[in-house]
Structure formats: C-alpha cells, structure tokens
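Overview (structure and organization)
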Amino acid sequence: MRLDVVSIFPAYLEPLRLSLVGKGIEAGIIELRVHDLRDWTSDRHRTVDDTPYGGGPGMVMKPEPWGAALDDIRSSDPGKRPALVIPTPSGSVFTQRTAESWSSDTWLIFACGRYEGIDARVAAHYGERPDWSGVREVSIGDFVLAGGEAAVLVMVEALARLQPGILGNEESALDDSFSGEQMGDLVEGPVFTKPPVWRDRAVPEVLLSGHHGRIAQWRQEQARARTAANRPDLGEVT
Ligand SMILES: C[S@@+](CC[C@H](N)C(=O)[O-])C[C@H]1O[C@@H](n2cnc3c(N)ncnc32)[C@H](O)[C@@H]1O
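This part is about the pattern of salt bridges. Using the criterion set out here, one finds 14 salt bridges in the structure. The closest approach of N and O atoms between Arg74 and Asp131, which form a salt bridge, is 3.4 Å. With Arg74 in helix α2 (residues 63–74) and Asp131 in the loop between α4 (120–128) and β7 (135–139), this pair connects stretches of sequence that are 57 residues apart. Residue classification places Arg74 among the buried residues on the basis of a relative accessible area of 6%. You can call Asp131 partly exposed: its relative accessible area is 26%. Among the charged side chains, a salt-bridge network with shared partners connects Asp71, Arg74, Arg129 and Asp131.

Okay, here's the thing in structure tokens:
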C-alpha cells in the first residue's frame with residue numbers, strides 16, 4: 001500500500017516511522033512518502049494561503065500549490081489511480097468500517113489542510129479526474145483540530161494494522177472493538193495479565209479456568225455491558 005502525505009509541517013508525520021507503521025514500512029508492506037506543500041509554491045514567501053472570498057476570519061489554502069503538488073505526486077506512477085483523502089471536520093466520519101474498506105486500496109494521497117481548510121475547488125477538481133479514483137472527505141470525530149496531520153496519523157495507523165503481515169497475531173484484530181463479526185457494534189471488555197492478584201484485586205476467576213467456551217461467553221457479556229455503559233449510540237445492546 002502506497003501512502004503519500006502532503007503537509008506544510010512534514011515533520012509532524014515523523015511518528016509514522018515508529019512502532020507498527022514503521023515496522024510495516026521496513027517490511028515493505030507500506031510505502032510512505034511525506035511531502036512539503038511549500039515545495040510547490042512559486043513566490044519568494046512560499047505562500048500557501050490567502051483571505052477567504054466572501055469575507056470572514058481566518059485564511060484559506062490556495063488551490064494552485066495543491067494542484068501542482070497533487071499532479072506531480074500522481075505523475076510518479078502513471079499506471080495507478082490514487083484516491084485523494086482530505087481530512088476535514090465537515091467530512092463523513094472515519095470509522096473502523098472505513099479503515100476496513102480502504103485497507104485494500106493500493107494508493108492513497110492525504111492532503112493535510114490548515115487554517116480554514118483547502119479551497120473547495122481542489123476536492124471538486126480531483127473528484128472529476130478520471131486518472132484519480134475519487135476524493136474522500138473524512139472527519140476523525142466531532143471536534144476541530146488545527147490541521148489535518150493529526151487526523152492522518154490516526155487514519156494511517158488504523159489502516160496499517162489491517163495490512164496482512166503487520167500485526168503479530170492476525171486474529172487479535174478480530175477481538176478488537178468494532179472489529180470482526182462478533183465485535184462489529186461492540187467495544188472490547190476489560191483485559192488482564194499477570195500477576196493473578198495485584199493490590200488485592202484478583203483477575204476474574206473465569207479467565208483462569210482454561211474453559212474456552214465460558215471465557216468467550218464472559219468476554220462477550222463484558223463487551224456488551226461496556227458498550228451499553230460507554231457507547232449507547234452504537235445500537236441496541238441486549
Ligand atoms: C481549523 S480546521 C478547519 C475547520 C473548518 N473551517 C470547519 O469549520 O470545518 C483546519 C484543518 O484541520 C483538519 N481538521 C480539523 N478537524 C478535523 C477533524 N475532526 N477531522 C479531520 N480533520 C480535521 C482539516 O485538515 C482542516 O482543514
């Protein structure tokens with residue numbers, strides 16, 4: 001899976017070289033390229049923003065550097081059609097379902113907005129380009145960040161752990177919150193490790209029983225209880 005990220009703060013994306021995503025890069029499962037949008041500006045001040053048409057506070061990212069950057073990056077592999085991902089609080093919400101459906105994409109290009117966002121003609125233009133496979137405007141939640149970089153860190157990590165060969169135990173992803181057939185609408189219940197007693201608190205007896213059926217049933221009950229308590233919005237939990 002090839003991932004390109006365009007940002008005016010490329011250093012913000014450095015954490016992607018660590019841990020799980022870093023392991024995926026080293027193993028050649030993920031190809032990550034980070035670009036500085038200012039490399040595609042043409043003025044002395046390397047300007048990427050301007051005042052908004054219609055007035056109002058803040059600045060808007062100019063379309064020209066974005067067009068130049070995206071065309072250039074796209075031309076590095078004429079044989080493939082990348083999808084353009086634009087993080088924005090006004091997009092559809094990125095969930096585990098989204099991560100699952102994107103995990104088989106071969107090339108995603110992320111455009112990190114700053115200020116009041118990117119001139120809307122950029123999304124409109126790339127949405128109509130036949131050499132691109134669409135534009136995805138996505139939000140990572142109902143709050144406003146200062147830029148798209150943190151959202152890209154979140155999305156790339158969620159995507160990376162679904163790539164075959166990245167997680168140590170492929171099956172562990174199926175037990176996670178929101179994942180697999182059993183956990184699709186549930187969050188995971190509590191987890192425990194050794195020692196069996198810590199500060200007078202014992203691990204639930206059933207987990208020491210070695211009885212796989214009872215353990216699976218207990219975990220399912222715990223997941224339902226936690227989902228009902230913390231995430232009633234995830235649907236009816238019985
Ligand atoms: C200050 S925000 C712009 C907010 C925009 N004016 C609005 O009200 O919808 C600047 C940038 O941060 C990113 N951003 C902020 N909140 C986000 C969220 N919840 N999900 C994804 N990206 C977000 C986007 O890249 C956005 O262009």
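After presenting the structure, the write-up continues.
With that settled, consider the nonpolar core. Formed by 26 residues in total, the largest nonpolar core has its most connected members in Leu3, Trp102, Leu108, Phe110 and Met155. Listing elements by their share of this core, those giving two or more residues are β1 (2–7), β5 (83–93), α3 (96–102), β6 (107–111) and α5 (149–160). For this core, the element with the most residues is α5, which contributes 8 residues. Judged by nonpolar contacts, the second largest core, of 20 residues, contains Ile8, Leu37, Trp66 and Trp132.

It is worth spelling out helix α1 (residues 19–26) at this point. Burial in α1 covers these residues: Val21, Gly22 and Gly24. Along the long axis of α1, the arc covered by the buried residues comes to 155°, so they all point the same way. With respect to the buried face of α1, the exposed residues turned more than 90 degrees away are Ser19 and Glu26. Among the structural elements, α5 are those in contact with the buried residues of α1. Following α1 by one or two positions, Gly28 adopts a phi angle in the positive range, close to 80°.

What follows deals with the sheet that holds β7. What the 5 strands build is an open sheet, ordered β2-β1-β6-β5-β7; its pairing is parallel. Two strands lie at the open edges of the sheet, namely β2 (31–36) and β7, each paired on one side alone. Across the sheet, the axes of successive neighbouring strands diverge by a mean angle of 30°, strand direction being ignored. One ladder, built from 3 bridges, connects β5 with β6; its direction is parallel. Note on β6: the bridge partner recorded for Val85 is Phe110. Strands β1, β2, β5 and β6 of the sheet are contacted by α2, whose axis makes an angle of about 160° with β1.

Cis geometry is adopted by the peptide bond preceding Pro195, which originates at Lys194 and carries an omega value of 5°. Structurally, the position occupied by Pro195 is in the loop between α6 (180–183) and β8 (197–198). A positive phi is found at Phe178, a non-glycine position, where the angle reads about 65°. On the secondary structure map, Phe178 appears in the loop between α5 and α6. Assessed through its relative accessible area of 28%, Phe178 is described here as partly exposed.

For the ligand, the set of nearby residues contains 18 residues, the closest of which are Pro87, Glu116, Ile140, Phe143 and Leu145. Residue Thr88 places a main-chain N or O atom 3.4 Å away from a nitrogen atom belonging to the ligand. Separating a nitrogen atom of the ligand from a backbone N or O atom of Leu145 is a distance of 2.9 Å. Relative to its free-state accessible area of 580 Å², the ligand is covered by the protein chains to the extent of 83%. Judged by the fraction of its atoms near the pocket grid, the ligand is located in the second largest pocket. Contributions of two or more residues to the shell around the ligand are made by β5 and β7. The leading source of residues in the shell around the ligand is β5, at 3 residues. Here the residues of the shell around the ligand are counted per class, giving 10 nonpolar, 7 polar and 1 charged.

Procedures and definitions
Residues numbered from 1 in each chain as written. Predicted model: local features only at pLDDT ≥ 70, side-chain atom pairs only at ≥ 80, totals over all residues. Heavy atoms only, no water. Salt bridge = Lys/Arg side-chain N within 4 Å of Asp/Glu carboxyl O. Helix = DSSP H or I, 4+ residues; strand = E, 2+ residues; numbered from the N terminus. Buried < 20%, exposed > 50% of the residue type's maximum accessible area, 1.4 Å probe, protein only. Core = buried A, V, L, I, M, F, W, Y, C linked by side-chain atoms within 4.5 Å. Arc of directions from axis to C-beta. Contact = heavy atoms within 4.5 Å. Pairing = 2+ DSSP bridges. Axes fitted to C-alpha atoms, helices over the stretch in contact; angles between N-to-C directions. Near = heavy atom within 4 Å. Polar contact = N/O pair within 3.5 Å; in protein donor to acceptor, adjacent residues only side chain to side chain. Areas by Shrake-Rupley, 256 points an atom, 1.4 Å probe, with all protein chains shown as cover. 1 Å grid on protein atoms, 1.4 Å probe; cavity = no way out; pocket = protein on both sides within 12 Å on 5 of 7 lines; lining within 4 Å. Sits in = over half its atoms within 2 Å of the grid points. Nonpolar A, V, L, I, M, F, W, Y, C, P; charged D, E, K, R; others polar.

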